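An overview of the molecular structure
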Amino acid sequence: MALSRTDRFGPVIAFLVSAFAMPVGLHAAAAEVADEQPTFTKDIAPIFREKCEACHRAGYIAPMSLQTYAEVRPWARSIKQRVETRQMPPWHIDKAVGIQAFKNDRSLTDAEIDTVVRWVDSGAPQGNLADMPPPAVFADDDVWNYADVFGGPPDLIIHSTPYTMPALAQDHWWKPEVPTGLTEDRWIRGIEIRPSTVPGRRITHHALARLQQEEADAALGAASDIGPGLLMEWAVGKQGEMMRPNSGKLIKADSSIVWDIHYHAVGEQITDTVELGLYLYPVGEVPKHRQVLSAFTTFEGGREALSILPNQMTVTEAFHVMKQNGRIENFQPHLHLRGRGMQMEAILPDGGRQVLSLVSKFDFNWHNNYVYADDAAPLLPKGTVLAFKAWYDNTAGLRGNPDPNQWVGWGDRTVDEMGHAWVNVTYLDDADFEAAVAERKSGSERTDSEE
Ligand code: HEC
């Protein structure tokens, strides 16, 4: 079965969909010689250039810049602690379980972690200035991420209605409806969502763009909570979704976008809008495969059934049957403050089981989207059951638990809970599915013979 091969592909490779701006033209120079004492200029700066600076530079989401020795040195201890525990860079997929080949992996390798730890333990020396790598080059912020790939900015940009978040307030949810203005059906090949200004990035926790349209063909693939209406979910650290060749999402004439934006106050009044950029297939071009973003619930029985008891752990499970063959493109767990982990497993029609992905140290600050590499995205036949499990820690032991004595149910606020995984599924007919499985098989045989 195609699945059993997936774990053999090493950490990846293609940055077609990168979860955040990657420096251009840099290759990590991991420490080659283990007994040589690592220095900042020679060993650490190349790692930080590639894996930290996208966020840790002036004006970006991280609290401090990590670009120069002077900036890094005061944080050495904290860096060691965050890096050793894999809290930084934020990438919370379990390394020992399931698929490990992703398009947007920003985690450190074991060797890189070892280098950072040894560097801090040996007094965090600066080293020879001549060893310092050239500065990283980042894509311009005003440029859309996929403009290069698609040869220009998005074909359609839709703004949410502006919203002013006061300096001090509880979290706000902003749900304006904005018409797309489309007068004919079109197919989407790429989507980006972003707060439209840098200050806006500070207040925008996450944003959903729901597509409101008449759908005759509602019987899409797998059972899910939200169905074909959702276009994309954006959260800190995520920038876009690109369809594979000949795949797309359908957006119809007279449709509108219903925004659901979660803002939080940062001590300063900020006004912003969120923008949705859509790259479209040319008029009249219909991709063969339809991709659908589903929110697969991780508990059964509807929203009222989610019940997190005080002062204990709660585990929930839910099962979704795939009515068509499909390729699972990504895994993005969604839980709130008490969420600790989520697992996505495939139970195949022949009874075989395969854990696809596990996040066992979920961190609410990071709604990471784990996008499977082309060679690794699971191909699942119709009849497969997607089995989800989520767990919640409502004890005093959970750092940041607002109140372990509260019962918690489903709700929008972060002190309420949710439980679902955002998963993009590309549905395939039998012939295409078999072809994809055969291609995957011959790919892994090639890899075998090369070994
Ligand atoms: C995707 C963005 C992102 C990347 C990549 C990233 N960080 Fe961070 N980092 C943050 C944000 C945001 C915070 C503050 C919130 C938090 O602690 O989670 C932070 C916090 C930290 C802290 C704690 C600061 C404190 O206040 O104590 C350290 C240390 C750190 N990062 C080191 C690193 C290192 C080293 C790397 C690369 C190996 C890295 N980070 C990669 C965004 C990022």
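Residues numbered from 1 in each chain as written. Predicted model: local features only at pLDDT ≥ 70, side-chain atom pairs only at ≥ 80, totals over all residues. Heavy atoms only, no water.

We now examine the nonpolar core. Within the largest apolar cluster, 37 residues are counted, with the highest numbers of intra-cluster contacts made by I328, F331 and Y372. At the level of secondary structure, the elements contributing two or more residues to this core comprise β13 (289–297), β18 (339–347), β19 (353–359), β22 (385–394) and β24 (420–428). If you look at the next biggest cluster of nonpolar residues, it comprises 27 residues, including L182, L231, M243 and W259. (Core = buried A, V, L, I, M, F, W, Y, C linked by side-chain atoms within 4.5 Å. Buried < 20%, exposed > 50% of the residue type's maximum accessible area, 1.4 Å probe, protein only. Helix = DSSP H or I, 4+ residues; strand = E, 2+ residues; numbered from the N terminus.)

With that out of the way, let us pick up the coordination of the iron atom of the ligand. Taken together, H56 (NE2) and M88 (SD) make up the full set of protein donors to the iron atom of the ligand, lying 2.0 to 2.3 Å away. Classification of the site at the iron atom of the ligand rests on its 6 donor atoms, whose angles at the metal span 85 to 180°, yielding the label octahedral. Residue H56 is located in the loop between α1 (40–51) and α2 (69–72), and its partner M88 is located in the loop between α3 (76–84) and α4 (110–121); the two are separated by 32 residues in the primary sequence. Of the residues examined, M88 reaches a relative accessible area of 21% and is grouped as partly exposed. (Donors = N, O, S within 2.8 Å, 3.2 Å for Na, K, Ca; no water. Tetrahedral: all angles 85-135°; square planar, octahedral: opposite > 155°, others 65-115°.)

Moving on to the pattern of salt bridges. By the definition in use, this model includes 18 salt bridges. Measuring nitrogen to oxygen at the nearest pair gives 2.9 Å for the salt bridge that ties D416 to R413. Accessibility expressed as a relative area gives 14% for D416, which makes it buried. R413 sits in the partly exposed class, given a relative accessible area of 47%. A network of salt bridges, in which partner residues are shared, links K103, R244, R327, E329 and D374. (Salt bridge = Lys/Arg side-chain N within 4 Å of Asp/Glu carboxyl O.)

Once that is clear, we can look at the pairing of strand β9 (residues 247–251). β9 sits mainly inside the fold: 5 of its 5 residues count as buried. Burial of β9 is two-sided: the residues S247, K249 and I251 facing one way and the residues G248 and L250 facing the other way are all buried.

Here the focus is the site of the ligand. Close to the ligand lie 21 residues; C52, C55, H56, R82 and M88 are nearest. Between S78 and the ligand, the recorded distance is 3.4 Å, taken from a side-chain N or O atom to an oxygen atom. One of the side-chain N or O atoms of R82 is found 3.0 Å from an oxygen atom in the ligand. Elements supplying a minimum of two residues to the shell around the ligand: α1 and α3. With 4 residues, the single largest contributor to the shell around the ligand is α3. (Near = heavy atom within 4 Å. Polar contact = N/O pair within 3.5 Å; in protein donor to acceptor, adjacent residues only side chain to side chain.)

The next point concerns the packing of aromatic side chains. In total, this model carries 12 aromatic pairs according to the counting rule given. Relative to F102, the ring of W91 lies with its centre 5.3 Å away and its plane at 80°, an arrangement referred to as edge-to-face. On the criterion of sequence distance, the pair formed by W91 in the loop between α3 and α4 and F102 in the loop between α3 and α4 is long-range, its members being 11 residues apart. Ring-pair connections join several aromatic residues into one group, and the members of that group are W91, F102, Y370 and Y372. One cation-aromatic arrangement involves R189 over Y281; the distance from NZ or CZ to the ring centre is 5.9 Å. Here R303 stacks its cationic end above the ring of W410, 3.9 Å away from the centre of that ring. (Phe/Tyr/Trp six-rings, centres within 6.5 Å; stacked < 30°, edge-to-face > 60°. Lys NZ or Arg CZ within 6 Å of the ring centre and 35° of its normal.)

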